[in-house]
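# Results of the structural survey
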Amino acid sequence: FVSSFSYLGLVFCSVFLVALFLVVLVGLGGIALRHFSYKPELWTQKHKVSDTEFTAAIWTVHFGLDNNGLNSFENIADFVNSTGADVIGLLETDVSKPFLGSIDMAMYVGEKLGMYSDHGPATHRHSWGCLLLSKYPIVKSSHYLLPSPHGELAPAIVATLAIGGKHVDVLVVHMGVDTDDLDRKLQAQMIGQLLSASSNPIFFLGYITCQPDGRDYRQITEGGRMKDIDSTDRGRWCEYIFYRDLTRLAYARITHGSLTDTELQSARFRVRASPNEPDNDKITFEKKDVPERLWYPARFGEREDGHHTSRYFRDHHFHMNTPKYFVRS
């Protein structure tokens, strides 16, 4: 009996040591792969010609799964890169949970694009996930779980970026669904307070689940002292871009092409040289009315009216009467 016990113990120790060796080998292989695949030159890439002009975008990426249920990380990075976004808020990005693959989307997409990244709140706080990517340095950031008495754990990031030698704030948020009225009411109030408290120029990239001029829309724009990038666009429901003390330059909506279930919205701004600089108050659809550097990429076609279902799911294309450009009247 003693001999059999000793033999089983020896077998167990042998199996354990082999398993430990394999784990260490795989770990070292992963470290080596990260070392040789890391490209430090991505972090030294130049910004646009004018550092004070930047493109911001908001997009809901549905946890990195396309409409066929397949991993879309690579396609997400390629699409974001093709839009020319300098700062982008990606929503529904918390895929660090085991049942979603335990993947760090911030690291993957950030390194792929050579952008600084900030993800919050932490995975253990069980939110949708909120990711900020920026070609400009992130000076500081704060993460929030918005009020959710009915359990809709809505995430938000408030960050300060160094753009053109000035500090510019950004708020990225995913509010709760429209069925939880109290949640959304309290969340809109807190967002308005966070926006209003900023003393820097600021822009908002968010998912509100509210029609234009709805209660929560008004709470955020009026309570936060914000302007809508295009108040004439009545065909929005969830994604919105707002701003304060910046000059608006352009606005576009681009179809998701089946990568997710939501379009990408983009806006171009200029950091003002003086607080008294007037905003652009006139909409134009003619590219010739603005400098060529402000034109949106031609790969997304020409301006399209309405919501083209076939194109919406097939590829990435301008739609909903965009792109638009803004000039002084």
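Now for a description of the structure that goes with this document. Just so it is clear, the model here is predicted, and its values are computed rather than measured. (Residues numbered from 1 in each chain as written. Predicted model: local features only at pLDDT ≥ 70, side-chain atom pairs only at ≥ 80, totals over all residues. Heavy atoms only, no water.)

## Points about the nonpolar core
Using the following cut-off: The definition of a nonpolar core used throughout is a set of buried Ala, Val, Leu, Ile, Met, Phe, Trp, Tyr and Cys residues joined through side-chain atoms within 4.5 Å. Exposure is judged per residue with a 1.4 Å probe applied to protein chains only, and the accessible area is read against the type maximum: over 50% gives exposed, under 20% gives buried, and values in between give partly exposed. Secondary structure elements follow DSSP: runs of H or I of four or more residues count as helices, runs of E of two or more count as strands, with numbering from the N terminus.
Formed by 33 residues in total, the largest nonpolar core has its most connected members in Trp59 and Ile88. Counting residues per element, the ones that place at least two in this core are strand E1 (53–60), helix H2 (73–83), strand E2 (87–91), helix H3 (105–113), strand E4 (130–134), strand E11 (246–254) and strand E14 (324–327). Ranked by residue count, the leading element in this core is H2, at five residues. Core analysis: the next-biggest nonpolar cluster, separate from the first, contains 28 residues, Val87, Phe203, Cys238 and Phe269 among them.

## Concerning the pattern of salt bridges
Operational definition: Definition used for salt bridges: Asp or Glu carboxyl oxygen within 4 Å of a side-chain nitrogen of Lys or Arg.
Counted according to the given criterion, the structure contains 19 salt bridges. Two residues, Asp213 and Arg234, come together in a salt bridge whose shortest N-O distance is 2.9 Å. With Asp213 in the loop between strand E8 (202–207) and helix H5 (215–223) and Arg234 in the loop between strand E9 (227–228) and strand E10 (239–244), the pair connects residues that are 21 residues apart, well separated along the chain. Between Lys227 and Asp279 there is a salt bridge whose closest N-O contact spans 2.7 Å. Taken together, the residues span a long stretch of sequence, with Lys227 in strand E9 and Asp279 in the loop between strand E12 (264–271) and strand E13 (282–284) at a distance of 52 residues. A relative accessible area of 40% means that Lys227 is categorised as partly exposed.

## Quick look at the sheet that holds E9
This is how the line gets drawn: Strand pairing is assigned whenever DSSP detects at least two bridges linking the two strands. Whether two residues are in contact is decided by their heavy atoms: any pair within 4.5 Å suffices. Here the axes come from fitting lines to C-alpha atoms, over the contacting stretch only for helices, and the angles between their N-to-C directions go from 0 to 180 degrees.
Sheet architecture is open: six strands sit in the order E5-E6-E7-E8-E10-E9, paired in mixed fashion. Every interior strand has two partners, whereas the edge strands, strand E5 (138–145) and E9, have only one. The pairing of E5 with strand E6 (residues 155–163) spans seven bridges and is antiparallel. Bridge assignment links Ile138 to a residue of E6, and that residue is Leu161. On top of the sheet, helix H4 (residues 181–197) reaches E5, E6, strand E7 (166–174), E8 and E10; it is set at about 175° to E7, its chief contact. Those strands touched by H5 are E8, E9 and E10, and its axis lies near 20° from that of E10.

## A short note on the pairing of E10
With six of six residues buried, E10 is to be regarded as a mostly interior element. The alternating pattern of E10 places Glu239, Ile241 and Tyr243 on one face and Tyr240, Phe242 and Arg244 on the opposite face, and all of these are buried. Of the strand pairs in this sheet, E9 and E10 are connected by two bridges, and their pairing is antiparallel. Each bridged residue has a counterpart across the sheet, and for Lys227 the counterpart in E10 is Tyr243.

## Focus: the packing of aromatic side chains
Basically, it comes down to this: Stacked, tilted and edge-to-face are the three classes assigned to paired rings of Phe, Tyr and Trp, where Trp is represented by its six-membered ring and a pair needs centres within 6.5 Å; plane angles under 30 degrees give stacked, over 60 edge-to-face, the rest tilted.
This model, assessed by the stated rule, comprises 15 aromatic pairs. A centroid spacing of 5.5 Å and a plane angle of 85° characterise the contact between Tyr217 and Phe242, whose relative ring orientation is edge-to-face. Pair noted here: Tyr217 is in helix H5 and Phe242 is in strand E10, with a separation of 25 residues, a long-range link. The residues Tyr217 and Phe242 share a single accessibility class, namely buried. Ring centres of Tyr296 and Tyr325 lie 6.3 Å apart, and the angle between their planes is 40°; this geometry places the pair in the tilted category.

## Topic: unusual backbone geometry
A cis amide bond, omega -10°, links Gly120 with the succeeding residue Pro121. Residue Pro323 is bonded to the preceding Thr322 through a cis peptide linkage, with omega at 15°. Its place among the elements puts Pro323 in the loop between helix H6 (309–314) and E14. Not every positive phi belongs to a glycine, and His62 is a case in point at roughly 55°. Here His62 lies in the loop between E1 and H2. A positive phi angle, near 60°, is found at Arg225, a position not held by glycine. Among the structural elements, Arg225 can be located in the loop between H5 and E9.

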